[in-house]
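Here is how the chains run, residue by residue.
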Amino acid sequence: MRSRTPSGMRLVNLLLSGWTGLVFLFLYLPIVLLVVYSFNASRLAIVWEGFTFRWYEQLWHEFTAHLADERRSALIESMGNSVIIAAATTGLSVLLGTAGGWLLHRYRFPALRTISTLIFIPMIIPEIIMGISLLIFFKTVEMELGFATVIISHVTFCFPFVLVAVQARLAGLDPSLEEAAMDLGATPLKAFWHVMVPYLLPAIISGALMSFTLSMDELIVTYFTRGPKSETLPIKVYGMAKVGLNPLLNTISTVFIVGTAMLVICAELLKGTARRSREPG
Amino acid sequence: MTPGTGQLPEIQGAQRRPGLRGWLLFAPLMLWLFAFVIAPTAIMFVYSFCQRDELGQVVFEFSLSNYTRVFDKTYLKIFTNSIQYAAITTVICLLVGYPVAYFIGRASEQIRNKLLMLVMIPFWTSFLIRTYAWMSILKAEGPLNGMLLYMQLIAAPLDILYTPAAVVIGLVYSYLPFMILPIYGSVEKLDNALIEAAFDLGAGPVSAFSHVIVPLTRPGIFAGVLLVFIPAIGMFAITDLMGGGRVPMIGNVIQNQFGQARDWPFGAALGMTMLLLFAACFALSMRKSDAA
C-alpha cells in the first residue's frame with residue numbers, strides 16, 4: 001500500500017469527517033429527541049416537565065384492555081392490522097420472490113428482459129401512482145377494499161426486493177451444486193428443497209425482513225387501497241399527527257424505532273455471515 | 001483456466017428455455033405482474049379519458065378534457081411547484097449527502113460497516129415517525145425555538161412549521177439516506193490507483209474531484225437523484241404534515257381527487273401525466289448513465 005497523502009488531502013479528510021459527523025447529528029438528533037420526549041411528563045409533549053413512564057403505561061393499558069375485550073382501542077387494532085398485513089405480505093413475497101428469482105436465473109428466453117423490467121417497476125414507481133392505479137383496478141373488478149386489497153398491493157412492491165436478493169445470491173452459485181444433487185438421484189423439486197433453499201436462506205431471510213419493514217411502514221399505497229376495517233398503524237399515525245402532537249405518538253414511535261433498529265442490526269449481521277460463508281474457506 | 005472453460009457448455013445447459021413445466025412455474029409470477037402492474041396502469045389510462053357525473057360516478061365518455069385541465073394554469077402551477085420542491089430537495093440531498101457517502105466509502109472496512117449501519121437505521125425507520133419528530137422540533141413552543149430564545153438569538157418564536165422551509169426540511173430529512181446509499185455504492189468501487197494517478201499527474205484535490213471522482217461515481221449520483229427526485233414529486237404526507245396544507249403539491253391534488261373532490265378520471269389524468277414525467281426522467285437518466 002502506498003500512502004503518500006498530499007498535505008491538502010489530510011485537510012480534505014478532516015473536513016469530510018467533520019461534515020459526516022454533522023450530518024449524522026442531523027439524522028439522529030430528531031430521533032433522539034423523539035425518544036426523550038416519550039418520557040416527558042407534559043401532556044403537550046413539547047415543554048419538558050420531568051421524567052415519566054406514564055405514556056408507556058397508558059399504551060400498555062390500552063393494549064391489555066383491547067386484548068381483554070374490555071375497551072376497543074382503534075390504535076391497538078391498527079397495530080394488529082399492520083402486523084397481520086405485514087406477515088401475510090412477507091409470506092407471499094417470499095414465495096413469489098424466491099420462485100421468481102430462481103426461475104429468472106435458471107431460464108433464458110426472449111421475453112426475459114421484459115419480465116425483469118416489469119418486476120422493477122413496482123420498486124421504483126412513485127407510490128402515489130401505484131396507489132391510485134390499484135384503487136381504480138380494484139374498483140373496476142369490483143373487489144371490496146379491505147385486508148386482501150392492502151395485502152395484494154403490498155406484495156406487489158415487496159416481492160421484487162426478495163427476488164433481487166435471491167437473484168444476487170444465485171449469481172454466485174456453483175451450478176454443479178444442483179446438478180450434483182440431481183445426479184445423485186434427487187428429483188428437481190427435492191434438489192430445489194434440499195440444496196437450493198438452504199443455500200438461498202440468508203437472501204430469503206434478508207428479503208423477508210425487508211418486506212416486513214416495508215409493509216409495516218407503508219402509508220401512501222395503503223392510503224388508497226385500505227378499507228374501513230383495515231386501517232394500518234401508519235394510516236392511524238398519519239391521522240393523529242395531522243391533528244397535532246400527542247404524547248402517545250412519541251411512545252409508539254419510540255417502540256417502533258427500537259424495533260426497526262434491532263431488525264436492521266439483525267439483517268446486517270445476517271448479511272455478514274452470508275458473506276463469510278460464501279467466501280472459499 | 002482450462003477446466004473452467006470445459007464446464008461452460010454445461011452451465012449454459014442449466015440455463016435453458018423453459019419447457020411446459022417451466023412455464024407453469026412462471027405462471028404465478030406473470031399473472032401477478034399482469035393483474036397488479038399492467039392491468040391497473042392500463043385501466044388508469046382508460047379512466048383518464050373518462051368523465052364524471054354530478055355525483056362523482058365515472059361516465060365512460062371519452063375526451064381529452066381531463067388533460068387540457070391538467071395543463072390549465074392552476075394545475076400547471078402546482079405541477080411546476082412540486083417539481084421545484086423536489087428539485088430543491090434533490091440538490092440539497094446531493095450536496096449534503098455526497099461528502100458523507102464519499103467519506104464512508106473511503107473509510108477502513110471496520111469503520112465503514114459501522115457508519116453504513118448508522119445510515120441504514122434512519123433509512124428503515126418509518127418516514128412518518130421521522131417527519132413527526134421534526135414537527136415537534138419546529139413547533140412554535142418546540143425545542144428549536146426554545147433554544148434560540150434562550151440564547152437570545154431571536155426575540156419571538158419563529159413560525160417554521162407549516163412553511164415551505166419546513167416542507168423542504170422534512171423532504172430532505174426523509175430522503176437523505178436514499179441519496180447517500182447509492183453514491184456510497186459507487187464510491188466503494190472507486191479504484192484508488194486512478195485517484196493517485198490524478199495526483200501524480202499534478203491534479204489538486206479540486207480537479208481530481210471534478211475530473212476523476214465525479215465522473216467515476218456518476219452511476220451512483222444518477223441513482224441517488226432518481227431515488228430522491230421521483231418519490232419527492234408525488235409525496236403528499238410530508239408536505240401535508242410539515243406544510244399544514246398551505247403548500248399544495250401535485251400529490252395532495254391527486255389525493256384530493258380520490259377523496260373529497262371525487263373526480264377519479266381527473267385524478268387518473270394527473271397520475272398518467274406524472275407517470276409520463278417519471279418515465280421520461282427514468283429513460284433520460286438510463287441513457288445518461290449508459291453513456292457514462
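Residues numbered from 1 in each chain as written. Chains lettered and ligands numbered in written order. Predicted model: local features only at pLDDT ≥ 70, side-chain atom pairs only at ≥ 80, totals over all residues.

Per an unreviewed UniProt entry, chain B goes by the name Spermidine Putrescine ABC transporter permease component PotB and belongs to Chondromyces apiculatus DSM 436. UniProt, in its Sequence similarities (unreviewed entry) section for chain B, records the words "Belongs to the binding-protein-dependent transport system permease family. CysTW subfamily." (UniProt positions renumbered as here; feature names shortened; annotations may be inferred.)

Looking at an unreviewed UniProt entry, chain A carries the name Spermidine Putrescine ABC transporter permease component potC, with the source organism given as Chondromyces apiculatus DSM 436. Recorded in UniProt for chain A, the comment headed Sequence similarities (unreviewed entry) runs: "Belongs to the binding-protein-dependent transport system permease family. CysTW subfamily." Taken verbatim from the UniProt record of chain A, the Subcellular location (unreviewed entry) comment is "Cell membrane".

A. Here's a closer look at the overall build of chain B. Within chain B, the regular secondary structure consists of 14 helices and two strands. Counting only C-alpha atoms and orienting by the principal axes, one finds that chain B spans roughly 75 × 75 × 30 Å. A buried classification covers 40% of the 292 residues belonging to chain B. Long-range pairs, those at least 24 residues apart, make up 70% of the contacts in chain B between residues at least 6 apart in sequence. (Helix = DSSP H or I, 4+ residues; strand = E, 2+ residues; numbered from the N terminus. Buried ≥ 20, exposed ≤ 12 C-beta atoms within 10 Å, placed from the backbone. Contact = placed C-beta atoms within 7 Å.)

B. Here's a closer look at the UniProt feature "transmembrane region" (unreviewed entry) in chain A. Residues given the UniProt feature "transmembrane region" (unreviewed entry) here are residues 12-39, 83-105, 117-138, 150-170, 191-214 and 248-270 of chain A. With 100% helix and 0% strand, residues 191-214 of chain A has end C-alpha atoms that lie 31 Å from one another.

C. Representation of the interface of chain B and chain A in the model. Every contact between the two is made by 70 residues of chain B and, on the other side, 69 residues of chain A. Ranked by the residues each element gives to the side of chain B that touches chain A, the list is headed by helix α2 (residues 20-47) of chain B, at 15 residues.

D. Structural detail: unusual backbone geometry. For A:E142, which is not a glycine, the phi torsion comes out positive at approximately 55°. For B:R262, which is not a glycine, the phi torsion comes out positive at approximately 45°. Looking at the secondary structure, you find B:R262 in the loop between α13 (250-257) and α14 (264-291).

E. Summary view of the environment of A:V255. Residues and elements named next belong to chain A. Within the element layout of this structure, V255 appears in helix α11 (residues 247-278). Using a count of 14 C-beta atoms within 10 Å as the deciding quantity, one classes V255 as partly exposed. For the pair V255 and M216, spaced 39 residues apart in sequence, the C-alpha separation works out to 13 Å.

F. The arrangement of the UniProt feature "transmembrane region" (unreviewed entry) in chain B in detail. All names here are of chain B. The positions UniProt marks with the feature "transmembrane region" (unreviewed entry) are residues 23-47, 83-104, 116-140, 160-181, 220-243 and 264-286. Measuring from the first to the last C-alpha atom of residues 23-47 gives 33 Å, for a span that is 100% helix and 0% strand. What you have in residues 160-181 is 82% helix and 0% strand, and the ends, taken at the C-alpha atoms, are 29 Å apart.

G. Layout of helix α5 (residues 127-140) of chain A. Residue and element names in this part refer to chain A. Given a rise of 1.5 Å per residue, 14 residues ought to cover 20 Å, and the 20 Å separating the end C-alpha atoms of α5 matches this to within 8%. Across the 14 residues that make up α5, a large majority, 12, are buried. Of the residues making up α5, those classed as buried are E127, I128, I129, M130, G131, I132, S133, L134, L135, I136, F137 and F138. Count one or two residues on from α5 and you reach E142, which has phi positive near 55°. (Expected span 1.5 Å × (residues − 1).)

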